[in-house]
Structure formats: C-alpha cells, structure tokens
Amino acid sequence: MLPLSFQRRIQSLLETTGDKPSLVAAREQLTERYRSKQGTERGGFISSSEIIAYVAARLPATFASIEAILPHIPLKNISSVLDLGAGPGTAALASALYWPECQKIHLIEGDAFMSEISQSLLKGLPELQHRQVSFQKANLLSVTIEASYDLVLLSYVLNELAAHDQKVILQKAWDSAEKGVIIVVPGTPIGYQHLMVLRDLLIEAGAFIAAPCPHHEECPLKEGDWCHFSTRLLRPSFHRKIKDVSLPYEDEKYSYLVALREPVPRPSARIIRKPLQRSGHVTLDFCTPGGIKRQTISRRDKERYRLATKAVWGDGWDDNFTNEKE
Ligand SMILES: C[S@@+](CC[C@H](N)C(=O)[O-])C[C@H]1O[C@@H](n2cnc3c(N)ncnc32)[C@H](O)[C@@H]1O
C-alpha cells in the first residue's frame, strides 16, 4: 500500500497546485489521449496540470502493479536501483520499500516539472531516511548512464515510445544492470506485443527470464490472447476525487517481465488467469514449458486443492508438468 506519508504529500501537492475542476479536466484530457493513441507514442505531458493529474490518477495504480510484481523476484540484498522514466518516482519508491537494504536510488526523468514533483514527493520521506536518493533530468535516448545498479526499472515508460526508441533504452537499461531489468507496461494487447519483442531481445542478450514466463520458449498464447495480470487497489480519497468516482477500489491490469543476468529458481508454471473456484473443485490455467495447460483440481486431491483454493492469478505453481504440447 502507498505509505500514508506519501499519500499526504500527494494530497498537499493537490491542495497547493491547481483547482479541482482544472485537474479533473486535465485528467480527462490525459485519459482521452491514452485511449486515442492506445498508449503508444503519446508524446509526453502537455501541461503541468496533466502531470499533477497523472500523479493523482495513475500513481496509485502503477504503484500497486509494481508492488504486486516485486514478490516474484527471488533476489535479496538489492543495494541499488535505477528508475528510468521515473515520473513521480513510483517504481523507485515501491522497490525501496520492498528492499529496505537498498541504499542507492537514482531516478532519471525527461520532464523538468515531473522531476521537480518527484523530488518534492520523495525527498525527506520518512520511509527513505538514510537512503541516498538522487534525481536527474535527462532524455533517456541521449543520456549516458555513468554508474551501474543492481536493478534497472522501466515502469510504464517503454509502452509510450516508438519501437526503435524502446530498443535503444532497453539496451542502456540492460548495460547498466548488474543483476537485471524489470519492465512493466499496461496489461493491454499492445503492451503485451511490445513486451514480447523486448523479451526476444533480452533472451538474445543472454538474459534469464525469471517471471512471469516459466520458460524461454516462444509465448504459447494464441493470437488475440495476451499475457497480463490484475491487482486490486484501495483508492485513496484524492484518487476517487480526481476520477470523480465513488467505488473504493479499482483493478489495475498490467504486463511485466523480469530479466536477470543469472538464473534463479523459478516455478514450473504460472497461473495466467483468475482461478475458477467451484463447489468441490478449482480450475487453473497455467503457462508451462509445454504450453498452456488447464487443470481441474478436485477436493479429493487434498493438498493440491488446499493450495489451489489459496492461489491467485499470477502466482507461480510447482508441479510435474510434461513438456509435451497439448
Ligand atoms: C507514464 S509515466 C510513468 C512514470 C513512472 N515510471 C510510473 O511507473 O508511474 C512515463 C514517464 O516517462 C517519462 N519519459 C518518457 N520518455 C522519456 C525519455 N525519452 N526520457 C526521459 N523520460 C521519459 C515521461 O516524462 C513520464 O514521466
């Protein structure tokens, strides 16, 4: 969950900048542009109101998806992260909270106002006390990344860039990553298509895909289907206000890739759809090295049924799947 100290900072940012109607209008304009361009080559923010609207309307959801992804990364002792296209610092904050041992956090952001906002939100935050947090305003396409970092984060940024630019930035990210790269994009068909191209490049570069794929084979999903996951977030009141909604929660759909330099243990399968719980059985859809497989696990199969009733969409699953395609 977003730390309350951070929520309060967003709240005061909203109170001190812009009036509510103009922020709601900026949020609507931003949403409309995302829809019309399907989120690709959106061309950045066009006003400071849009940036503040982004922080209030999108940050809680992008934070929730990163929070859901991090437990699938079996790495400890992360000492440094680099957040590229950091925006308000969403992924940097989520990672710092997940790895309290992480001492060095560097954010690179291309928009000057957004970079200022990230500084006002993160600097002196109690949760980041005793960490070295630094901010750089630079274009990812031209910047030379001087240092290397354990993990490099690309959260909701590559999907907004042209295919060629995505590759250039991914290469820089990979070159500056000691342990690996995490990519998050919206859980849409187009987001997934971009991710599949980037996955091929990473595998070619020698990466080990630690999640969500439990293998390095070609993605077995049929045309028209796309690998994505969903997380439910409780909406802070500023989030409900800017979206003009009363429902206390929303579901954020996301797709992601965790590409590491060294192999790590990974589950033999991943649950790729919401489990179907019925009386006396649970049906699970898995991605496995042998393709997509469906299993119905009956209450009679005591231990597996117990695990299946607890399992959620996106969890890893260990079982003896054959590599035979169905
Ligand atoms: C959708 S926001 C995502 C922000 C944040 N990473 C998150 O997960 O909430 C994309 C961010 O990437 C930045 N960005 C896009 N292209 C960039 C580039 N070429 N160089 C630097 N920053 C860029 C934008 O200014 C924006 O702040």
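Because the structure is a prediction, the values reported are computed rather than measured. (Residues numbered from 1 in each chain as written. Predicted model: local features only at pLDDT ≥ 70, side-chain atom pairs only at ≥ 80, totals over all residues. Heavy atoms only, no water.)

1. Points about the overall build of the protein
Keep this limit in mind: Comment: elements are numbered from the N terminus, with helices defined as DSSP H or I runs of at least four residues and strands as E runs of at least two. It is over C-alpha atoms that the radius of gyration is taken, and the globule rule equals 2.2 Å times the number of residues to the power 0.38. Residue burial is assigned from relative accessible area. The probe radius is 1.4 Å, only protein chains are included, and a residue is buried under 20% of its type maximum, exposed over 50%, and partly exposed in between. Residue contacts are defined here by distance: any two heavy atoms, one from each residue, within 4.5 Å place the two residues in contact. All accessibility values rest on the Shrake-Rupley procedure with a 1.4 Å probe; residue burial counts only the protein chains present in the view.
Each helix and strand in the protein was counted, giving 10 helices and 13 strands. Over its C-alpha trace the protein gives a radius of gyration of 20 Å, about what one expects of a compact globule, namely 20 Å for 326 residues. With respect to the principal axes defined by its C-alpha atoms, the protein has extents near 60 × 45 × 40 Å. Classification of the 326 residues of the protein by burial places 52% in the buried group. Long-range contacts, defined as pairs at least 24 residues apart, comprise 72% of the intrachain contacts of the protein with a sequence gap of at least 6. Entry remark: accessible area of the protein is about 15300 Å², with carbon and sulfur atoms responsible for 51%.

2. What to know about the nonpolar core
To keep things clear, this is the line we draw: The nonpolar core is taken to be a set of buried Ala, Val, Leu, Ile, Met, Phe, Trp, Tyr and Cys residues, with the residues joined through side-chain atoms within 4.5 Å. Note that domain bounds follow an automatic or database assignment of domains.
With 93 residues, the main nonpolar core has Phe6, Leu84, Leu154, Val181, Ile183 and Leu202 as its most contacted residues. Taken together, domain 1 (4–260) and domain 2 (269–317) each give at least three residues to this core, which thus spans both. Setting aside its immediate chain neighbours within four residues, Phe6 contacts Leu59, Pro88, Leu93, Leu121, Leu122 and Leu125. Membership of the second largest hydrophobic core comes to 11 residues, among which are Ala269, Ile271, Leu284 and Ala308.

3. Concerning the site of the ligand
Formally: Note on definitions. A residue lies near a molecule or strand when any single heavy atom of the residue is within 4 Å of it. Two N or O atoms count as a polar contact when they lie within 3.5 Å, although within protein this holds only if one can serve as hydrogen donor and the other as acceptor, and sequence-adjacent residues are included solely when both atoms are side-chain atoms. When residue character is reported, Ala, Val, Leu, Ile, Met, Phe, Trp, Tyr, Cys and Pro are called nonpolar, Asp, Glu, Lys and Arg charged, and the others, Gly included, polar.
Around the ligand lies a shell of 20 residues, among which Gly85, Thr90, Glu109, Leu140 and Ser155 are the nearest. Here Thr62 contributes a side-chain N or O atom positioned 3.1 Å from an oxygen atom of the ligand. Considering the ligand on its own, with 590 Å² of exposed area, one finds that the protein chains cover 92% of that surface. Along the lines of polarity and charge, the residues of the shell around the ligand split into 10 nonpolar, 7 polar and 3 charged.

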